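Observations on the model geometry
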Amino acid sequence: MKEGDMTVPHLFRCPISLDLFTDPVTLCTGQTYDRSSIEEWLAAGNLTCPVTMQKLHDFSLVPNHNLLHLIQQWRHPLHPDYLATIDPLVSLKNSLASPSATFRHKLPALQKIRVLTDETPSTNSFLIEMGFLPLLLQLVFETVNPEFSQEYVNFVEQGLACVLRLLPFGELECLNMLKEGSNLESFVVLFEHGSVTMKQSLCHMVALISSAAAAATGELCATIGKNERLLKMLISVVKQNSEISEAGIKAISALCCLESNREKLVQQGLIDGLVTYILNSERKERSMAATAMARIEQALGDERAKEAVIRNPNGVKAMVKMVFRVSEEEGSESAVNSLTKVCGESLEAREKAIVGGVLTQLLLLLQSQCSGRTKTKATTLLKLL
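Now for a look at the structure at hand. Note that the coordinates shown come from a computational prediction; the quantities given were computed from them, not determined experimentally.

Reading the values: the criteria
- Residues numbered from 1 in each chain as written.
- Predicted model: local features only at pLDDT ≥ 70, side-chain atom pairs only at ≥ 80, totals over all residues.
- Heavy atoms only, no water.
- Pairing = 2+ DSSP bridges.
- Helix = DSSP H or I, 4+ residues; strand = E, 2+ residues; numbered from the N terminus.
- Core = buried A, V, L, I, M, F, W, Y, C linked by side-chain atoms within 4.5 Å.
- Buried < 20%, exposed > 50% of the residue type's maximum accessible area, 1.4 Å probe, protein only.
- Contact = heavy atoms within 4.5 Å.
- Expected span 1.5 Å × (residues − 1).
- Axes fitted to C-alpha atoms, helices over the stretch in contact; angles between N-to-C directions.
- Parallel < 35°, antiparallel > 145°, perpendicular 65-115°, else oblique.
- Left-handed = near helix turned anticlockwise from the far one by under 90°.
- Nonpolar A, V, L, I, M, F, W, Y, C, P; charged D, E, K, R; others polar.
- Phe/Tyr/Trp six-rings, centres within 6.5 Å; stacked < 30°, edge-to-face > 60°.

What about the sheet that holds strand S2 (residues 32–34)?
Taken together, three strands build an open sheet; the order of strands is S2-S1-S3 and the sheet is antiparallel. A single partner strand is all that each edge strand has here, and the edge strands are S2 and strand S3 (62–63). Alignment of strand S1 (residues 24–26) against S2, held across three bridges, turns out to be antiparallel. Note that in S2 the partner of Pro24 across the bridge is Asp34.

Observations concerning the nonpolar core
The nonpolar side chains of soluble globular proteins are, as a tendency, buried together. The biggest cluster of nonpolar side chains holds 115 residues, and the ones touching the most others in it are Phe141 and Met205. Here this core gets nine residues from one element, more than from any other, and that element is helix H7 (residues 150–166). Setting aside anything within four residues of it in sequence, one finds Met205 in contact with Leu137, Phe141, Leu160, Val163, Leu164, Leu175, Leu178 and Phe187.

Let's talk about H7
Between its first and last C-alpha atoms H7 spans 24 Å; for 17 residues at 1.5 Å apiece the expected length is 24 Å, and the two agree. Among the 17 residues in H7, 13 count as buried, and that is most of the element.

Looking at the packing of helix H12 (residues 244–255) against helix H14 (residues 270–280)
The geometry of H12 relative to H14 is characterised by a closest axis approach of 12 Å and an angle of 140° between their N-to-C directions. By the angle between their axes, H12 is oblique relative to H14. Helix-helix and strand crossings are classified by hand; for H12 and H14 the assignment is left-handed. Side by side, H12 and H14 meet where Ser245, Glu246, Ile249 and Ile252 of the first sit next to Leu270, Leu274 and Tyr277 of the second. Of the residues in the contact of H12 with H14, the class split is five nonpolar, one polar and one charged.

Some words on the packing of aromatic side chains
The final tally for this structure, using the stated rule, is four aromatic pairs. Each ring, one from Phe141 and one from Phe187, has its centre 5.6 Å from the other, and the planes form 20°; the classification is stacked. Here the residue Phe141 occupies a position in helix H6 (residues 132–141), and Phe187 occupies one in helix H8 (residues 181–193), the gap between them amounting to 46 residues. By relative accessible area, Phe187 is classed as buried at 1%. Aromatic rings pair up to connect Phe103, Phe148, Tyr152 and Phe155 into one cluster.

This is the structure we're talking about:
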């Protein structure tokens, strides 16, 4: 078959030139372009990824050998390796799509897909091109079994695991199916009654949805931010002193990219949740306390957030502890900024900060290897106190 007679799959077209890839290379954002097209884009002085518009922190162009191999197989479809890969996947998809198959019968197919995504990453592109991602989302969210039997829980856990493995290779637009009221309700019910593993996976999905808020899933991010039940559960997860709390922090941090979401989260108790997380993190070798502190600083643009910090018995205390922590240097500047915002307008906050040992913390910070900017801000806070 001649190339001109074939419809070029979307996966095989450069997002810039819209032509078939000849030398595909991948940016740090995970997006792939034809080398000549992206080099021309960068040479014009652009500092962002053309598709996601994310600022590039690394301008390396990594050859995408897997995609090039797929294109070669597509151009020669009778190659035995191609058929050997495609045929089993068609069988798996038919098993999952069968309306008569039960969760028990579909579970082995999901398990095989998960093994393939783990052990044979090159298969992911085939799975995406064959439409597995929207099918998996449909299976997980369009029908929720209210009994939550162990068989059903296993099915959803495997389904969500497969979705999370495929999302980096697919288009996030498919997640917009969650904008439909019934599907979003299913998401909330799964979060409410599901296992810890399910909750962790759903938190990771929220983080992915919200990280792309400026592009493909912006409306969905805002829709999630309007769901009070889900926001309350995310904050509750953050308060738990367990591994799932880190997943909750990532989800909430991503949701905070929208001001409207931050306002809703503050209303649902965001500050209390982040304060609890920061205090719990003292007993952990690795944590996301710095991220939690940054979200508090971000939320303090809302007067209700300032009131919540002062009202919480441990609010100011948590920020004081973050001023200087040997294992959490990144959170120092956010802590100093937050204390400056709160103490500048409240005598009560200043008194709590002094009682909490802020003067000692600031002196330790000034003697540390922190940046000159952080030291300047710390000096300003000392004068304010």
